[in-house]
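Next come the chains, spelled out residue by residue.
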Amino acid sequence: MGRLIIRSFSEDIKNFRNMIPYRKKKIEEASATALPRNYGVNELSAKLHPDKQRVRISSVEALDGRTKIITFSSADKTSLAPFRAGQGINIKVGTETEFFPVVSVPDDKDYSIIVSAACEDAVSELLLNADEKTELEISGPTGLFYYSQLRDGNSVVLICDFSGVASAISICRYLSGRADTSVRVIFVGEEENPGVCGLFENLSENICFFREKDTDGIYERASENMNTPSALFVSGKDAFCGKTAALFDDSDFIRGRIRMYISDPETKNASAEKYSCQVLYRNESFSFECFANETLLAAFERNNIPTQAKCKVGECGYCRCKLVEGDVESVLCNGIDSMRSADKKYGFIHPCRSFPKTDIKVKL
Amino acid sequence: MVKYDTVVIGAGNGGLACANVLAKNGQKVLVLEQSHRPGGFAGSFRRGRFEFEVSLHELCGFGRYDKPFGSVRSFFDYLGISDKIAWADVPEAFRMINFNPGKELDVTMPFGIDEFCRKAEEYAPGSEKGMRKLFALGEECRLTVEKIGKPVPMVAKLYALMKKGGFIHTAAYSVDEVLSKIDMPEKAKDIFKAYWIYLDIDTETVSFFHYMSMLNSYIELKSAIPVCRSQELINCLVECLESNSGELWLNSKVIGIDVADGICKKVILEDGTEIEADNIVCNCSPHLVYGNLIDKKSVPELEVKKANARKFNGRGFVVFLGLNKSAKELGLDSYSYFIYPDMDTKKQHSLMSRPETNDVQAAICLNAANPEASPEGTCILSMTTLFNSDYWSEVTAEEYFSKKEEFASHMIDVFEKATNIRVRDYIEELEIASPETFARFTGTPQGTIYGYHSQDWDGALQRAMSLAEETEKGIKNLYFASGWGEKLLGYSSALTAGRDCAFRVLRKEKK
């Protein structure tokens, strides 16, 4: 192959030799102004996904004797992070963290949640007894149970029980009034929740609301006079969601999967066997007891281990850690295994869905 | 206070590669990662029954068994991890679709220089000779640079430089300028330029040497993907690091680097923990290091000026689709799809600043290389583009989710129009990563996923040739391991940049 000359022999050599001096000149000519500390995209990102938000209770509305709608506004001058209809927030009291779906819609700016005495957890108890103006810290909006137009299309069915009603209402209200979208809501619950049923009132014509006593009539309700829905959202207790999903098992009812929000992911009936748990974190080691009927994550939180967690249903992977010694039972929520294939191969677990079967050693 | 030989900031490819080499050579090493997951741009996430690559997917220059030199595989061999990871070969180099009316082009190009040149001849008769000449030039460049980089006498270096001359004559020029001297049909030149989006530099600007190094490494040394996604490589690198007594701390964000008398001393974590180290290796952008981590008074003027002279390269945008039809049913036969509205790369590069004019994308169907990438009857398709502006910082928080979805829908339109394959009706899972998403998980400024733009004065060659001198003038014992450094960003190049950085640290220690 002959030598390829681009401009001329001497000019090519000259330009080659000039490469570094040219670079030096360009750098020399540049501004010496100090570099920025912040960038627009990074600031927006932090605004969209804050770890924590300081809020104040701006209103408390009693739905019935045991249920309240509590609304949070920002306690500082910043606005609350926007959320997607169906998502929720985590609230931590002491060592206990609970997830609450937001019942308001993104346009409301404030977050409203439904708190029920039936939940019997420390966070709900504190919230039910809190006055207006009480300040507290909540997480940023989180969760994969949300409506996406591009994915979920224009024909949506929502099925919920009392514990899953908040996210269903949020999605309904978000889609209310959209002429091109039809929504069918099936609420499964007793007559004694009139306040909750009332939340579905005053929605526009594109939302059809049905109440069923139990899961038996769901399939019929969901499918009667309806073309194939583009999305099916089920929210409520683990047993309810499982039973509901099973109704659609053998049908081509929807094009995608059934999306689920499970309100009580931790339930497991097992003996209260006690094990020892050792956590390696950075160059420290923590030891404590854990129980066969609690998730490892619950044991970590009870013992103030600096762990990360968001969803508690195995989906988000924030609590991912390596099982160094011992054995756990992984209990899946909604039948979907959300472990990365490589994480499985390398012995990682999601503590939020792992119940100890032996003494345990993990590395965070 | 804990003390280490080297602290590495960032457990991405560059950081883990660097830490592994150091630990293997007996150093006490700590890698600090702000996120809950190691890997940065390499890794995976789940949605429903699908597992997606975060962004990086194929390792170019993976290596051939008969010709392993210069490949990423030889680095993995050095670490002893090549065979611990299950690899899947990428079946062909790329399918490129140019849908510019009148200049339409739809070509599927194979790996292997011979095969590539022959295929180009089929699509564009009269191109084989020119195409072979380009690859031969590329090989001359590679051999010359390899010689220059080795500790051989200066005379031998000069001899290598002058012998064939391919390198010295093309080094200062762009792809377009070199192509103008090659007798080849326009169509063949368009095929040659297909990979430009992987560097995010138009062919009028990108140095021929840099482009050719990448093209050669793809075409000659082929590419491969880890079967369990990039997270497998990352998990393997972490395990290898720990087996050599190296440490990785997750959820450990560095907020400061202490510098005294021009020498870096320690890093400070968000929770106040201080860690002393002889060397600090940054696997993140110099903008972040000199703008946020180090006290302004301690930053040398040269570094500030250099950073100010630079421009960020593309900010990433990816649409991930889990489709409930198989790749075969949909007709997704190729692994990589380069989709261009036309091959005026300069024009397209500038149009990639606004969502309404950005029609360029590289789409990947994982199942084409790994049929078991998703359950039977489904497949994974992801579409990536870049923004060459700060458009995404002008979006408000309130409109963010709808803007993001709107543009994702646009990208699906473009894909469907170019390939004539309908995917919209089969979306079971959807996720969208915007520049905000990349900023959130990696801290990268403006969501940049491609490091600094390779301007005419700031190409891979100029960076490599100035590295020693510029390091000498910088903060002592402070290093950069990532693609923000001399090799620019890329999957394989970030790994080799990390490796080379480790050898620089070891050489300095030896002195």
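**Quick notes on the overall build of chain B**
Link 1 in the chain: From N to C terminus, chain B includes 20 helices and 19 strands.
Link 2 in the chain: Taking 2.2 N^0.38 as the reference for a compact globule, 511 residues should give roughly 24 Å; the C-alpha atoms of chain B span a radius of gyration of 22 Å, in line with that estimate.
Link 3 in the chain: Dimensions along the principal axes, computed over C-alpha positions, put chain B at roughly 65 × 60 × 45 Å.
Link 4 in the chain: Split into buried and exposed, the 511 residues of chain B put 66% on the buried side.
Link 5 in the chain: A sequence separation of at least 24 residues applies to 73% of the contacts in chain B between residues at least 6 apart.
Link 6 in the chain: For chain B, the exposed area adds up to about 17700 Å²; of that, 50% sits on carbon and sulfur atoms.
Link 7 in the chain: Here chain B contributes 61 positive and 72 negative side-chain charges, whose respective centroids are spaced 5 Å apart.

**Quick notes on the domain arrangement of chain B**
All names here are of chain B.
Link 1 in the chain: Here the domain parsing of chain B yields domain 1 (2-45 + 70-82 + 227-311 + 452-510), domain 2 (112-221) and domain 3 (314-446).
Link 2 in the chain: Computed over C-alpha atoms, the centres of domain 2 and domain 3 are 29 Å apart.
Link 3 in the chain: Note on domain 2 versus domain 3: buried area summed over both sides is about 1200 Å², and carbon and sulfur give 63% of it.
Link 4 in the chain: When the area that domain 2 buries against domain 3 is broken down by residue, the three leading residues are Trp196, Ile197 and Asp200, summing to 48%.
Link 5 in the chain: Our count for the domain 2 to domain 3 interface comes out at zero salt bridges.
Link 6 in the chain: Where domain 2 touches domain 3, the interface holds four residue pairs in polar contact (both at pLDDT 80 or more).
Link 7 in the chain: In terms of residue count, helix H9 (residues 196-199) provides more of the side of domain 2 that touches domain 3 than any other element does, three residues in total.
Link 8 in the chain: For the side of domain 2 that touches domain 3, the residue count by class is six nonpolar, two polar and five charged.

**Regarding the packing of helix H2 (residues 19-29) of chain A against helix H19 (residues 460-473) of chain B**
Link 1 in the chain: Contact geometry for H2(A) and H19(B): axes closest at 10 Å, N-to-C directions at 70 degrees. Classified by the angle their axes make, H2(A) and H19(B) are roughly perpendicular. From H2(A), A:Met19, A:Ile20, A:Arg23, A:Lys24 and A:Ile27 reach across to H19(B), where they touch B:Leu461, B:Gln462, B:Arg463, B:Met465, B:Ser466, B:Glu469 and B:Glu470.

**Quick word on unusual backbone geometry**
Link 1 in the chain: Positioned with a positive phi, A:Asn304 is a non-glycine residue whose angle comes to about 55 degrees.
Link 2 in the chain: Mapping A:Asn304 onto the fold places it in the loop between helix H10 (296-302) and strand S14 (321-325).
Link 3 in the chain: For A:Asn304, a relative accessible area of 54% translates into the label exposed.
Link 4 in the chain: If you check the backbone angles, B:Gln446 has positive phi at about 60 degrees while not being a glycine.

**As for helix H3 (residues 40-48) of chain A**
Link 1 in the chain: For H3(A), the set of buried residues is A:Val41, A:Leu44, A:Ser45 and A:Leu48. Taken end-on, H3(A) shows its buried residues confined to a sector of 105 degrees, consistent with a single buried face.
Link 2 in the chain: The inward-facing, buried residues of H3(A) contact helix H16 (391-394), helix H17 (397-419) and helix H18 (435-442) of chain B.

**Comments concerning the interface of chain A and chain B**
Link 1 in the chain: With 73 residues of chain A at the contact, the number on the chain B side is 103 residues.
Link 2 in the chain: For the pair chain A and chain B, the summed buried surface comes to about 7900 Å²; carbon and sulfur atoms form 57% of the total.
Link 3 in the chain: Sorting the residues of chain A by area buried against chain B places A:Arg23, A:Leu150 and A:Arg282 first, and these three jointly supply 11% of that buried surface.
Link 4 in the chain: Connecting chain A to chain B are eleven salt bridges.
Link 5 in the chain: Where chain A meets chain B, there are 40 residue pairs in polar contact (both at pLDDT 80 or more).

**Focus: the sheet that holds strand S16 (residues 361-365) of chain B**
All names here are of chain B.
Link 1 in the chain: Within the open sheet, the seven strands sit side by side as S8-S7-S15-S16-S17-S14-S18. Their pairing is mixed. Unpaired on one side and paired on the other, strand S8 (105-109) and strand S18 (427-433) mark the two borders of the sheet. Looking at each pair of strands side by side, their axes are set apart by 15 degrees on average, direction ignored.
Link 2 in the chain: Pairing geometry for strand S14 (residues 315-323) and S18, over six bridges, is antiparallel.

**Section: the pattern of salt bridges**
Link 1 in the chain: With the rule as written, the count across this model stands at 53 salt bridges over all chains.
Link 2 in the chain: A salt bridge links A:Arg84 to B:Glu405, with the shortest nitrogen-to-oxygen separation between them at 3.1 Å. Of the two residues, A:Arg84 is situated in the loop between strand S2 (67-74) and strand S3 (88-93) and B:Glu405 in helix H17; the pairing between them involves two chains. The exposure classification of A:Arg84 matches that of B:Glu405, with both residues buried.
Link 3 in the chain: The partner of B:Lys508 in a salt bridge is B:Glu509, with the nearest N and O atoms 3.0 Å apart.
Link 4 in the chain: For B:Lys508, a relative accessible area of 28% translates into the label partly exposed.
Link 5 in the chain: Taking the relative accessible area as the measure of exposure, B:Glu509 reaches 38% and is therefore partly exposed.
Link 6 in the chain: Overlapping salt bridges bring together A:Arg23, B:Glu303, B:Lys306, B:Arg310, B:Asp458, B:Arg463 and B:Glu470 as one network.

**A closer look at the packing of aromatic side chains**
Centre distance and the angle of the planes are the two values used to describe a pair of aromatic rings.
Link 1 in the chain: By the definition in use, this model includes 45 aromatic pairs over all chains.
Link 2 in the chain: When the centroid spacing of 5.6 Å and the interplanar angle of 50 degrees are considered together, the rings of A:Phe99 and A:Tyr261 count as tilted. Taken as a pair, A:Phe99 in strand S4 (residues 96-101) and A:Tyr261 in strand S11 (residues 258-262) lie far apart in primary sequence, 162 residues in all.
Link 3 in the chain: Assessed through its relative accessible area of 23%, A:Phe99 is described here as partly exposed.
Link 4 in the chain: Note on B:Phe312 and B:Trp484: the rings are 6.1 Å apart at their centroids and 80 degrees apart in plane angle, and the pair reads as edge-to-face. Of this pair, B:Phe312 sits in the loop between helix H13 (301-309) and S14 while B:Trp484 sits in the loop between strand S19 (478-480) and helix H20 (491-510), and the two are 172 residues apart along the sequence. Residues B:Phe312 and B:Trp484 agree in their burial class; the two are buried.
Link 5 in the chain: Put simply, the rings of B:Phe94, B:Phe116, B:Phe135, B:Tyr195, B:Trp196, B:Tyr198, B:Tyr218, B:Phe338 and B:Tyr340 pair up and form one aromatic cluster.

**Quick notes on the sheet that holds strand S13 (residues 284-291) of chain A**
All names here are of chain A.
Link 1 in the chain: With mixed pairing, the five strands of this open sheet are ordered in space as S13-S12-S18-S14-S16. In this open sheet, the two strands that pair with only one neighbour each are S13 and strand S16 (348-349).
Link 2 in the chain: Pairing analysis gives three bridges linking S14 to strand S18 (residues 360-363), with the strands arranged antiparallel. If you follow Leu323 over to S18, its bridge partner there is Val362.

**Concerning the nonpolar core**
Link 1 in the chain: Counting residues in each nonpolar core, the largest one holds 113 residues, and the members touching the most others are B:Phe192 and B:Tyr195.
Link 2 in the chain: What B:Tyr195 contacts, discounting residues up to four positions off in sequence, is B:Ala93, B:Phe94, B:Phe111, B:Tyr211, B:Met214, B:Leu215, B:Tyr218, B:Ile219, B:Phe338 and B:Tyr340.
Link 3 in the chain: Listed in part, the 40 residues of the second largest apolar core include A:Val41, B:Tyr337, B:Ala408 and B:Ile432.

Criteria and cut-off values
- Residues numbered from 1 in each chain as written.
- Chains lettered and ligands numbered in written order.
- Predicted model: local features only at pLDDT ≥ 70, side-chain atom pairs only at ≥ 80, totals over all residues.
- Heavy atoms only, no water.
- Helix = DSSP H or I, 4+ residues; strand = E, 2+ residues; numbered from the N terminus.
- Rg over C-alpha atoms; globule rule 2.2 N^0.38 Å.
- Buried < 20%, exposed > 50% of the residue type's maximum accessible area, 1.4 Å probe, protein only.
- Contact = heavy atoms within 4.5 Å.
- Areas by Shrake-Rupley, 256 points an atom, 1.4 Å probe, with all protein chains shown as cover.
- Lys, Arg positive; Asp, Glu negative; His and termini not counted.
- Charge placed at Lys NZ, Arg CZ, Asp CG, Glu CD.
- Domains from an automatic or database assignment.
- Buried area = accessible area lost by both parts, 1.4 Å probe.
- Salt bridge = Lys/Arg side-chain N within 4 Å of Asp/Glu carboxyl O.
- Polar contact = N/O pair within 3.5 Å; in protein donor to acceptor, adjacent residues only side chain to side chain.
- Nonpolar A, V, L, I, M, F, W, Y, C, P; charged D, E, K, R; others polar.
- Axes fitted to C-alpha atoms, helices over the stretch in contact; angles between N-to-C directions.
- Parallel < 35°, antiparallel > 145°, perpendicular 65-115°, else oblique.
- Arc of directions from axis to C-beta.
- Pairing = 2+ DSSP bridges.
- Phe/Tyr/Trp six-rings, centres within 6.5 Å; stacked < 30°, edge-to-face > 60°.
- Core = buried A, V, L, I, M, F, W, Y, C linked by side-chain atoms within 4.5 Å.

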